[in-house]
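So you can see what is in the structure, the chains are spelled out below.
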Amino acid sequence: MAKKGIVMSGMRPTGRLHLGNYYGALEKWIELQDEYECFFGVADWHMLTTGYENTARLNEDVRDMVLDWLTAGLDPEKCVFFRQSFVPQNAELTLLLGMITPISWLENNPTYKEQLQELGKTKLSKALEGAGVISKEIRQKVAQAPLEAIKPDPKKNRLELRTSGFLSYPVMQTADIAVYGAGLVPVGQDQLPHLEISREIVRRFNGVYGDVLVEPKPIVTQNRKVPGIDSRKMSKSYGNGIDLFETVDSLSPKVMDMYTDPMKIRKDDPGHPEGCVVFAMHKLYSDFADRREVECKAGQIGCFQCKKDLLGSMDGPFAEFREKRAKYDKPGLVEEILEAGSAKARDSAEATMERVRKAMNLR
Ligand code: TRP
């Protein structure tokens, strides 16, 4: 079957995937792999932009993430899996695109500003918890506070995160997309500002050197939203995630810790399911979610029982995933898939770079 076009997307290797990664991205990728020529990258260079201090676990994280991709149903026979750092052409294009990208575009990137603050905040409160200055409960409260409420140490924040690599994140991401000639990029809502910058960078490049690169369009994944256990966006860096392959023992404390309606104190208080993380999860895993909504609002169910019911609903699908994952967990398998995919990715990237170099008179 002829495929409809070229799709590219990437994920930072954060190790085992959480439900937000699955419902926010992977589910869509799996759907696209049949119809489009897809390049799916392990964005390990993007990972370094914020996680450069400690790379000891990087290879393990790459492997864990790709294992989760396979288990969830992404198929290397249908799409290309590659590792970003195995495609040096991507670095070359990043460098060249950097020549034409105004710094103001990067400084005004809303994701950049927000991440600087959020990461600074999380790092600060984790450090305080580590030093015994605040408890975990307070750290979680801090995590939920509005951004303006906490001012992380600006000096420390600047040193840790204000690197040229982090600022240039969207330039690298543009190269990541354009080097494969991808016209479509499935991204979550939060990545839209990045993609908008990518489109501008490509337009500017083409304006200077002729029609060389493809201007990418987003496919916004309208997938089901999954909040983290503290009700913020689920994110590894916020430490509020639920992994796809949790065991009962590891899942249980997380469910018990989930943020619920703070106004519902006694079990017969009427609740507000809309902001409740437990209810959001029931919608994904429990066939009785509708009934539960009514019961919660009517004060007919307590949060403790509701959490226990959720654990019951999640148990089956999680056990199934774990079993499947064990089948792919063979020595060398992931490495082989990434090597083969990266070779295909390099061929495609080199073809683009030949045109780019020629257009810029670099050969
Ligand atoms: N920045 C993306 C994220 O954090 C990951 C990513 C890297 C990406 N390269 C990409 C997404 C290319 C889309 C296209 O989620």
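### Examining the overall build of the protein chain
And then number 1: Helix and strand counts for the protein chain come out as 16 helices and five strands.
And then number 2: On C-alpha atoms alone, the protein chain measures out to a radius of gyration of 22 Å, which is about the 21 Å that the 2.2 N^0.38 rule sets for 363 residues.
And then number 3: Along the three orthogonal principal directions, the C-alpha set of the protein chain runs to about 75 × 50 × 35 Å.
And then number 4: Counting over 363 residues, the protein chain shows a buried share of 49%.
And then number 5: Put simply, 80% of the contacts in the protein chain that link residues at least 6 apart link residues at least 24 apart.
And then number 6: Approximately 17,700 Å² of the protein chain is accessible, and the part contributed by carbon and sulfur atoms is 53%.
And then number 7: Charged side chains of the protein chain number 51 positive and 52 negative; the gap between the two group centres comes to 3 Å.

### Thoughts on the nonpolar core
Side chains of nonpolar character tend, in soluble globular proteins, to be buried together.
And then number 1: One finds Leu 19, Leu 26, Trp 69, Ile 242, Met 281 and Met 314 to be the most contacted residues of the largest nonpolar core, which totals 54 residues.
And then number 2: Mapped onto this core, the elements with two or more residues apiece are β1 (6-11), α1 (19-32), β2 (37-42), α3 (58-72), α12 (248-256), α13 (277-285), α15 (303-328) and α16 (333-359).
And then number 3: Each of two domains, domain 1 (6-108 + 164-226 + 332-359) and domain 3 (236-326), supplies a minimum of three residues to this core.
And then number 4: Once residues lying within four places of it in the same chain are set aside, the contact partners of Trp 69 are Met 11, Leu 17, Leu 26, Trp 29, Phe 40, Gly 41, Val 42, Leu 74 and Phe 81.

### What to know about the pattern of salt bridges
And then number 1: One pass over the structure, following the stated rule, counts 23 salt bridges.
And then number 2: Glu 31 is the partner of Lys 28 in a salt bridge, and the nearest nitrogen-oxygen pair spans 3.4 Å. With Lys 28 and Glu 31 both in helix α1, this residue pair falls three residues apart, about one helical turn.
And then number 3: The salt bridge partner of Asp 68 is Arg 325, with a shortest N-O separation of 2.5 Å. In this pair, Asp 68 sits in helix α3 while Arg 325 sits in helix α15, placing the two residues 257 residues apart along the sequence. The burial state of Asp 68 is the same as that of Arg 325; both residues are buried.
And then number 4: Beyond isolated ion pairs, a larger network of salt bridges with shared partners links Arg 57, Glu 60, Asp 61, Asp 64, Asp 68 and Arg 325.

### Overview of the pairing of strand β4 (residues 184-187)
Strand residues, when the strand is regular, have side chains that alternate between the two faces of the sheet.
And then number 1: By the bridge criterion, four bridges tie β4 to strand β5 (residues 217-220) in an arrangement that is parallel. In the sheet register, Val 187 faces β5, and the bridge partner there is Val 220.

### Here we look at unusual backbone geometry
And then number 1: Although it is not a glycine, Ser 231 sits at a positive phi angle of roughly 80 degrees.
And then number 2: Positionally, Ser 231 belongs in the loop between β5 and α12.
And then number 3: Backbone geometry at Asn 361 places phi at a positive 60 degrees, although glycine is not the residue there.
And then number 4: With respect to the element layout, Asn 361 can be found in the segment after α16.

### Considerations on the packing of α13 against α15
And then number 1: At a closest axis distance of 10 Å, the pairing of α13 and α15 adopts a crossing angle of 35 degrees. You can see that α13 and α15 cross each other, and the crossing is left-handed. Touching Val 278, Met 281, His 282 and Tyr 285 of α13 are Cys 306, Lys 307, Asp 309, Leu 310, Ser 313, Met 314, Pro 317 and Phe 318, all from α15.
And then number 2: Here the residues of the contact of α13 with α15 are counted per class, giving eight nonpolar, two polar and two charged.

### Overview of the confidence of the model for the protein chain
And then number 1: Per-residue pLDDT for the protein chain averages 89, and the proportion of residues at 70 or more is 91%.
And then number 2: Summarising per-element confidence for the protein chain, the mean pLDDT is lowest in helix α8 (residues 154-161) (54) and highest in helix α4 (residues 88-100) (98).
And then number 3: Segment residues 148-152: pLDDT under 50, and nine contacts once partners within four positions in sequence are set aside and those in other chains are kept.

About the criteria used
In every chain, residue numbers begin from 1 and rise along the written sequence. Given that this is a predicted model, residues contribute local features only at a pLDDT of at least 70 and side-chain atom pairs are listed and counted only at 80 or more, while totals for whole chains, interfaces and linings are drawn from all residues. To get the side-chain values, take all heavy atoms of the structure and skip hydrogens and water. Put simply, DSSP H or I for four residues or longer makes a helix, DSSP E for two residues or longer makes a strand, and each gets a number counted from the N terminus. The globule rule is 2.2 Å times the number of residues to the power 0.38, and the radius of gyration it is compared with is taken over C-alpha atoms. In this scheme, a residue with accessible area under 20% of its type's maximum is buried, one over 50% is exposed, and one in between is partly exposed, where area comes from a 1.4 Å probe on protein chains only. The contact definition used throughout considers only heavy atoms, calling two residues in contact when any of these lie within 4.5 Å. Exposure was quantified through the Shrake-Rupley algorithm and a 1.4 Å probe, taking into account, for residues, occlusion by the shown protein chains and nothing else. Charge counting follows a simple rule: Lys and Arg are positive, Asp and Glu are negative, and His as well as the terminal groups are ignored. For charged residues, the charge sits on one atom: NZ in Lys, CZ in Arg, CG in Asp, CD in Glu. Nonpolar cores are built from buried Ala, Val, Leu, Ile, Met, Phe, Trp, Tyr and Cys residues. Side-chain atoms within 4.5 Å join them into one set. What counts as a domain boundary in this text is fixed by an automatic or database domain assignment. Counted as salt bridges are all cases of a side-chain nitrogen of Lys or Arg within 4 Å of a carboxyl oxygen of Asp or Glu. Strand pairing is defined by DSSP finding a minimum of two bridges between the two strands. The angle between two axes is taken between their N-to-C directions and runs from 0 to 180 degrees, where each axis is a line fitted to C-alpha atoms and a helix contributes only its stretch in contact. By convention the crossing between two helices is left-handed if the near helix lies anticlockwise of the far one by an angle smaller than a right angle, and right-handed if it lies clockwise. Polar here means any residue outside two lists: the nonpolar Ala, Val, Leu, Ile, Met, Phe, Trp, Tyr, Cys and Pro, and the charged Asp, Glu, Lys and Arg; Gly therefore counts as polar. One number per residue, pLDDT, summarises how confident the predictor is, and it ranges from 0 to 100.

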